[in-house]
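An overview of the molecular structure
Here is how the chains run, residue by residue.
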Amino acid sequence: MKFRDGMWLVAADKTVYYAEDVYTITERDDKALNLLCPTRQIRSRGDTLNLSTINVELEAQFDGVISIEATHFSGAQRRGPNFELYPDGRPELKCSISKSDKGTTLTAGALSASVGPDQHAFDIRFHATDGSKELTSLLNRSVGLAYSPALSNPKQVQDMRALQHYMFTQHELGVGESIHGLGERFGAFNKVGQSVELWNEDGGTSSDQAYKNVSFYLSSRGYGVFIDHPEHVSLEIGSERCCRVQTSVEGQRLKWYVIYGAGGPKEVLSKYAQLLGRAGRLPAWSFGLWLSTSFTTDYDEKTVTHFLEESARRECPVEVFHYDCFWLRAFHWCDFVFSPAHFPDPKGSIARLKAANLVNKVCVWINPYLGQASPIFAYAAEKGYLLKRPNGDIWQWDLWQTGMGIVDITNPAAAEWYTGCLNQLFDLGVDCIKTDFGERIPAADVQWHDASVDPARMHNFYAFAYNKLVYTTMQARFGPDGGAVLFARAATAGTQRFPLCWGGDCESTPAALAESIRGGLSLGLSGYSFWSCDIGGFEGSPPPWIYKRWVAFGLLCSHSRLHGSNSYRVPWLLDEGASGPESCSSVLRAFVRLKRRLMPYLYAQAERSRKKGWPVSLRAVALEFPEDPTAWTLDRQFFVGDSLLVAPVFTETGEVQFYLPRGRWTSYWDGSVVEGPGWRTETHGFESLPLYVREGSVLVLGQEEEKTRGEGFAYDWANAGGVVALYAAREGDEAVVVDTEGREVATLVADGKGGVSGLEKLGGEWSVRNVL
């Protein structure tokens, strides 16, 4: 939202007041500064009358983190819901307040905020405590309040029913600074120049809307900002003032956190994870190939069995089979009842698939809506389990499901009922859940069961509550550490605790493939460790070449699922049953085997990444090379963990251009060596893509194929044998090996002479290969 008409004029429909003065500075509990900021400079006693003031409170949170809260009318209610901060406990706080002729400084470990000494100059600067770095500043006209429509008389505020009241802030952008994150956003990777609305919508991947709006962004200058508001947040990122990032919310308060990591952007993400939470551990089997029925396709038990048998015959083993929407009866979504016409014996059907080793796990699609055609709708409505309007009616509409209602998760009885429905699925043999939808949650003309809830704040927050409910139900059923697996579409700040997410509805085009990569990169820079997409694209029927290029990319995401809309994504239906080299089946088989071989490396990286709050894949190159300005522009390539750089191919003929940062890079495929930094152009067939290993890597590689049918991706790689590949490894370079439960088994350390210590802690036969 813009509040001005250019630099000089206020927008015609707004009245705007800025914090112009720092009249008093009050210390609180030795960890906070409260600034009383009149909206005009106070030169005499008479200047203190008939004006607004803004209270700005700076508070040290923990090392490297300071919060700022700007408040106009402090008597406004503080309604929920609120983001769940510090879910793992609040870190120790060491802070101080000091005064000098340069102003008043609040210090929280490595980060300090200094308020300038001139009362009549609003000036707050955020900087490294050791003086090594200036991060950003709040300067003239940077914190304020606004009314819309514009006031003609101050007495109008006695009746606020026809007025909107906003709080906003603007912090400085440095020359060349870029801004990244804000959730899963499919547009330009660098958000400078964009207007961004943080409001969950079902908008697909080719719009400025997002399923996952996360009120956190990362700056190339080495700091991050978390906006502590679940409701609609509007950002103007160099788009109202070209030199500033503006944040605004409707209400009387605005609170945000500046997060600094002296060690670079990875440290910023780790501190954000301390604030909002880390991802839970995912089981090893979840990293394997997922196959879906697709969305509106016609399928039954016979179809499912055929797909899995044919996949096994073509040596493309499926780890997880996913039943999408039409496992349910039409018009009954989502009442948790298998369609008896298509699956008369769902428990037996699932058991037969697993007994035949055709699949290891089963997933089903659900959403938090309930169509009125289902008899369960009347039951849920009578019990008060569905969201209501203020007049007592059930809130309903016909978008998506005819007459659908929304499960009111703020009602504890409704949550308990929903948990019971999920457990009935688990009784049938279902192992994990795709939690679709949860974006279109009304923010007006509704009354939640919990009367303390503000509907505007529930819109985005519903995604958190919905996914938390399903995830914790699975934890109770399958184990609290590594037993629960989600495949979620909607998310907000904090939902990273309940992995994992996928990218939503994309088209089957090269442009959509690029959109998906940008979305995954942006979400990774928003604190999410795990991410997937619809391999082949969701909408339309992909031509074979798109499918194969997407497979190569999708099997190098942390999680990999074949899924479409009105056409299947089994490979033999894409190219008329071809099975020779570079056929769809051959490409899928090659990349499933590659990912399986990478599992010892990938799973160790996943464990480290989730604990640190980093993306596993897609990890932006800038996280690994933050000092390289080119890295902050790269939106068509990514890292898998610390060591592997991947550049997807977007052309049928195989030409691809990508960038290698400084250092020595070795092709995974042929061992050829390239020195960076620099851009490079290559041509690849369908069974390869640019995949480069960073110098100094100790890459632990396991088996490509299943040795025992059905052992899948959760095989015991720590005792199965494999290869330890050294890529220009120096003395002390190392790799950690974890088992399938995430426990550290061994640390393999290069001796700088082509050898490795620590292999004695592993079972099976291991060889060491030096790749110079």
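Predicted, not measured: the structure shown is a model, and the values here were computed from it.

1. Here's the deal with the overall build of the protein chain
Helices and strands together make up the secondary structure of the protein chain, namely 11 helices and 43 strands. Against the globule reference of 28 Å for 772 residues, the protein chain gives a C-alpha radius of gyration of 27 Å, in line with a compact fold. Considering only C-alpha atoms, the protein chain reaches an extent of 85 × 70 × 45 Å along its principal axes. Burial statistics for the protein chain: of 772 residues in total, 62% are counted as buried.

2. Concerning the packing of helix 8 (residues 544-554) against helix 9 (residues 584-597)
Between helix 8 and helix 9, whose axes approach to 9 Å, the crossing angle comes to 5 degrees. It follows that helix 8 is roughly parallel to helix 9 by the angle criterion. Of the residues in helix 9, those touching helix 8 at P544, Y547, K548, V551 and A552 are C584, V587, L588 and F591. Class assignment of the residues belonging to the contact of helix 8 with helix 9 gives a composition of eight nonpolar, no polar and one charged.

3. Some points on the sheet that holds strand 39 (residues 722-727)
Overall, mixed pairing links the three strands, which are arranged 38-39-43 in an open sheet. Edge strands, defined here as strands with exactly one partner in the open sheet, are strand 38 (697-701) and strand 43 (766-771). Across the sheet, the mean angle from the axis of one strand to that of its neighbour is 20 degrees, orientation sign disregarded. Here strand 38 pairs with strand 39 via five bridges, running antiparallel. Within the sheet, the bridge partner assigned to V700 lies in strand 39 and is V724.

4. Describing the UniProt feature "domain: Glycoside hydrolase family 31 TIM barrel" (unreviewed entry) in the protein chain
Here, the residues flagged by UniProt with the feature "domain: Glycoside hydrolase family 31 TIM barrel" (unreviewed entry) are residues 282-604. The span residues 282-604 shows a helical share of 37% and a strand share of 11%, and its end C-alpha atoms are spaced 12 Å apart.

5. Topic: the pairing of strand 24 (residues 361-366)
Counting buried residues in strand 24 gives five out of six residues, a clear majority hidden from the surface. Where strand 23 (residues 320-323) meets strand 24, four bridges bridge the pair, whose relative direction is parallel. Across the sheet, residue H322 finds its bridge partner in strand 24, namely C363. Crossover strand 23 to strand 24 through helix 3 (residues 346-355) is right-handed. Examined bridge by bridge, strand 24 and strand 27 (residues 432-435) share four bridges and lie parallel to one another. In the strand pairing of strand 27, C363 is matched with C432.

6. Here we look at the environment of K361
Examined against the element boundaries, K361 turns out to sit in strand 24. C-alpha separation for the pair K361 and Y147, spaced 214 residues apart in sequence, amounts to 55 Å. The residues touching K361, leaving out its near neighbours within four places in the chain, are W285, E319, V320, F321, K354 and D431.

7. A closer look at the UniProt feature "domain: Glycoside hydrolase family 31 N-terminal" (unreviewed entry) in the protein chain
With numbering matched to this structure, UniProt assigns "domain: Glycoside hydrolase family 31 N-terminal" (unreviewed entry) to residues 57-234. The span residues 57-234 shows a helical share of 0% and a strand share of 44%, and its end C-alpha atoms are spaced 21 Å apart.

8. Section: the side chain of N213
Relative to the helices and strands, N213 resides in strand 17 (residues 213-219). Looking at N213, the relative accessible area reads 1%, which means it is buried. Setting aside residues up to four positions removed in sequence, N213 forms contacts with L182, R185, E197, L198, W199, N200, E201, A491, T492 and A493.

Rules used in this analysis
- Residues numbered from 1 in each chain as written.
- Predicted model: local features only at pLDDT ≥ 70, side-chain atom pairs only at ≥ 80, totals over all residues.
- Heavy atoms only, no water.
- Helix = DSSP H or I, 4+ residues; strand = E, 2+ residues; numbered from the N terminus.
- Rg over C-alpha atoms; globule rule 2.2 N^0.38 Å.
- Buried < 20%, exposed > 50% of the residue type's maximum accessible area, 1.4 Å probe, protein only.
- Axes fitted to C-alpha atoms, helices over the stretch in contact; angles between N-to-C directions.
- Parallel < 35°, antiparallel > 145°, perpendicular 65-115°, else oblique.
- Contact = heavy atoms within 4.5 Å.
- Nonpolar A, V, L, I, M, F, W, Y, C, P; charged D, E, K, R; others polar.
- Pairing = 2+ DSSP bridges.
- UniProt positions renumbered as here; feature names shortened; annotations may be inferred.
- Right-handed = clockwise from strand over helix to strand, strands pointing away.

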